[in-house]
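A look at the structure
Residues per chain, in single letters:
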Amino acid sequence: MLQMNDLWVKQCGISHTGSFKDLGMTVLVSQVNRLRRMKKPLLGVGCASTGDTSAALSAYCAAAGIPAIVFLPANRISIAQLVQPIANGALVLSLDTDFDGCMRLIREVTAELPIYLANSLNSLRLEGQKTAAIEICQQFDWEVPDWVIVPGGNLGNIYAFFKGFHMCKELGLIDRIPRLVCAQAANANPLYLYYKAGWKNFKAIKASNTFASAIQIGDPVSIDRAVFALQNSDGIVEEATEEELMDACAQADLTGMFTCPHTGVALAALIKLRKNGVIRATDRAVVVSTAHGLKFTQSKIDYHSKAIADLPCKFANPPVQVANDFGAVMDVLRRELSLR
């Protein structure tokens, strides 16, 4: 489809809780566990989340016997994401606001109570997440890809990737840093707008609903770090509409993957950059898949049922309804398989 011969997908969603957030949360919860053993007065660990952060925090806190407090935006995350912290015993507060509102509240709460803040504002998270960049270098036998494309919401991850590549370069393991692309949903694209304005006058936005719900963030806390990462990697910011990201997911799934909508955003960005000639056919490109598609099955059901308003769903593959009759079945098979 893209006429590329060196395209890769880094599967960060094949992990314990189904997202890349595990990489950073193991580091953070380990540190909190150490602090509690040192008798530091911590009631627990808290986070605002669009789903994946709360899942990772709850799982590792449960393993360590540490209370987890989760602030979630009501009716804005998938059922699969919501049930993970519930199942792991976290205190889940479903708030009538968006992620940005949850983030403001958790910061106010942790300023008043001895609850350790677990969002990517905390540098421990990024120390864990940077290991994905190190893995990419190692998996390519320390040959650096030309491009690494990362979905962006709260924007800690794009900086974590830069941090990992920069560390490898400083250690002499690689000779350069790949060009980074931060991909945003068009319905939640404050970094993209900032980039298109020449990095002048950043303005937070009110994020609209997007299938890529984990990056539905209009006021990212790591905006400055993301800009630093992009400026120091000759980076690019691209956006994807709902139609583009869902079509990209469907096309990727036809190769045997089962992609989340956020990976669809990154893939759609790749498609645009490839068509525009920015990414060449011979470039080695890595798309970072941040979560498992099983967390977002409803979006796939809606797509393949063509039940999404204003989206043509051109790669939909609905089941064929057939009568309980051998002849009817054979007719369908002949038609669909081009049999004579």
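All of the points below concern the structure found in this document. Keep in mind that what you see is a predicted model, and the values were worked out from it rather than measured.

Some details on the packing of aromatic side chains
Inspection of the entire model under this criterion finds 7 aromatic pairs. Among the aromatic residues, ring-to-ring pairing joins Tyr194, Tyr195, Trp199 and Phe202 into one connected group. Sitting above the plane of the Phe140 ring, Arg284 keeps its charged end 4.1 Å from the centroid. One cation-aromatic arrangement involves Lys300 over Phe258; the distance from NZ or CZ to the ring centre is 4.7 Å.

Here we look at a nonpolar patch on the surface
Together, Val320, Val322, Val329, Leu333, Leu337 and Leu339 make up a nonpolar patch on the protein surface, roughly 480 Å² of accessible area in all. Examined against the element boundaries, Leu337 turns out to sit in the segment after helix 13 (326-336). Judged by relative accessible area, Leu337 falls into the exposed class, the value being 54%.

Some points on the packing of helix 10 (residues 242-253) against helix 12 (residues 297-304)
Two elements in contact, helix 10 and helix 12, have axes whose closest approach is 11 Å; the angle formed by their N-to-C orientations is 95 degrees. Compared by their axis directions, helix 10 and helix 12 come out roughly perpendicular. Across the interface between the two elements, Met246, Asp247, Cys249, Ala250 and Asp253 of helix 10 pack against Ser299, Lys300 and Tyr303 of helix 12. Class assignment of the residues belonging to the contact of helix 10 with helix 12 gives a composition of 4 nonpolar, 1 polar and 3 charged.

Re the pairing of strand 8 (residues 236-240)
Sheet faces and side chains relate simply in a regular strand, where the side chains alternate between the two faces. With 5 of 5 residues buried, strand 8 lies mostly within the body of the structure. Neither face of strand 8 is open: one carries Ile236, Glu238 and Ala240, the other Val237 and Glu239, and all of them are buried. Bridge analysis of strand 7 (residues 179-185) against strand 8 gives 5 bridges, and the strand direction is parallel. In the sheet register, Ala185 faces strand 8, and the bridge partner there is Ala240.

A closer look at helix 13
With a side-chain oxygen lying 3.1 Å from the backbone nitrogen of Gly327, the N-terminal cap of helix 13 falls on Asp325. Remark: Ser338 follows helix 13 within two positions and exhibits a positive phi of approximately 55 degrees.

Concerning the pattern of salt bridges
Applying the stated criterion across every chain yields a total of 15 salt bridges. Lys10 is the partner of Glu135 in a salt bridge, and the nearest nitrogen-oxygen pair spans 2.7 Å. Residue Glu135 is located in helix 6 (residues 131-139), and its partner Lys10 is located in strand 1 (residues 7-11); the two are separated by 125 residues in the primary sequence. Judged by its relative accessible area of 31%, Glu135 falls in the partly exposed class. Salt bridges sharing common partners tie together Asp6, Glu143 and Arg284.

Topic: the sheet that holds strand 3 (residues 68-73)
Strand order in the open sheet formed by 4 strands is 4-3-2-5, and the pairing between neighbours is parallel. The strands lining the two open edges of the sheet, one partner per strand, are strand 4 (91-95) and strand 5 (115-117). When the angles between neighbouring strand axes are averaged without regard to direction, this sheet yields 25 degrees. Pairing of strand 2 (residues 44-48) with strand 3 involves 4 bridges; the strand directions are parallel. Counterpart to Cys47 in the pairing with strand 3 is Val70.

Examining unusual backbone geometry
Phi angles above zero are rare outside glycine, and Trp142 is one such case at about 65 degrees. Among the structural elements, Trp142 can be located in the loop between helix 6 and strand 6 (147-151).

Looking at the side chain of Thr290
Of note, Thr290 is situated in the loop between strand 9 (285-289) and helix 12. With sequence-adjacent residues up to four places away left out, Thr290 is seen in contact with Cys12, Gly13, Gly18, Ser19, Phe20, Pro151, Asn157, Cys260, His262 and Thr263.

Considering helix 3 (residues 79-87)
Residues of helix 3 that are buried include every one of Gln81, Gln84 and Pro85, and no others. The arc that holds every buried residue of helix 3, seen down its axis, measures 85 degrees, which confines them to one face. The outward face of helix 3, more than 90 degrees from its buried face, is lined by the exposed residues Ile79 and Ala87. In this structure, the buried residues of helix 3 make contact with helix 2 (52-64), strand 3 and strand 4. Once helix 3 finishes, Gly89 follows within two positions and takes phi at roughly 85 degrees, a positive value.

Regarding the packing of helix 10 against helix 11 (residues 261-275)
Relative orientation of the contacting elements helix 10 and helix 11 amounts to 95 degrees, with a least axis distance of 7 Å. By the angle between their directions, the pair helix 10 and helix 11 is classed as roughly perpendicular. Contacts from Glu244, Leu245, Ala248, Cys249, Gln251 and Ala252 in helix 10 reach Pro261, Gly264, Val265, Leu267, Ala268, Ile271 and Lys272 in helix 11. Tallied by class, the residues present in the contact of helix 10 with helix 11 amount to 9 nonpolar, 2 polar and 2 charged.

Observations regarding the environment of His292
In this fold, His292 is placed in the loop between strand 9 and helix 12. The partly exposed category is assigned to His292, whose relative accessible area is 28%. On a C-alpha basis, the gap between His292 and Gly18 in space is 5.3 Å, while along the polypeptide they are 274 residues apart. Beyond its immediate stretch of four places on either side in the chain, His292 contacts Gly13, Ile14, Gly18, Phe258 and Cys260. At 3.0 Å, the side chain of His292 and the backbone nitrogen of Leu294 are in polar contact.

Definitions and cut-offs
Residues numbered from 1 in each chain as written. Predicted model: local features only at pLDDT ≥ 70, side-chain atom pairs only at ≥ 80, totals over all residues. Heavy atoms only, no water. Phe/Tyr/Trp six-rings, centres within 6.5 Å; stacked < 30°, edge-to-face > 60°. Lys NZ or Arg CZ within 6 Å of the ring centre and 35° of its normal. Patch = residues over 30% accessible without salt bridge, like charges linked within 9 Å, V, L, I, M, F, W, Y side chains within 5 Å. Areas by Shrake-Rupley, 256 points an atom, 1.4 Å probe, with all protein chains shown as cover. Salt bridge = Lys/Arg side-chain N within 4 Å of Asp/Glu carboxyl O. Helix = DSSP H or I, 4+ residues; strand = E, 2+ residues; numbered from the N terminus. Buried < 20%, exposed > 50% of the residue type's maximum accessible area, 1.4 Å probe, protein only. Axes fitted to C-alpha atoms, helices over the stretch in contact; angles between N-to-C directions. Parallel < 35°, antiparallel > 145°, perpendicular 65-115°, else oblique. Contact = heavy atoms within 4.5 Å. Nonpolar A, V, L, I, M, F, W, Y, C, P; charged D, E, K, R; others polar. Pairing = 2+ DSSP bridges. Polar contact = N/O pair within 3.5 Å; in protein donor to acceptor, adjacent residues only side chain to side chain. Arc of directions from axis to C-beta.

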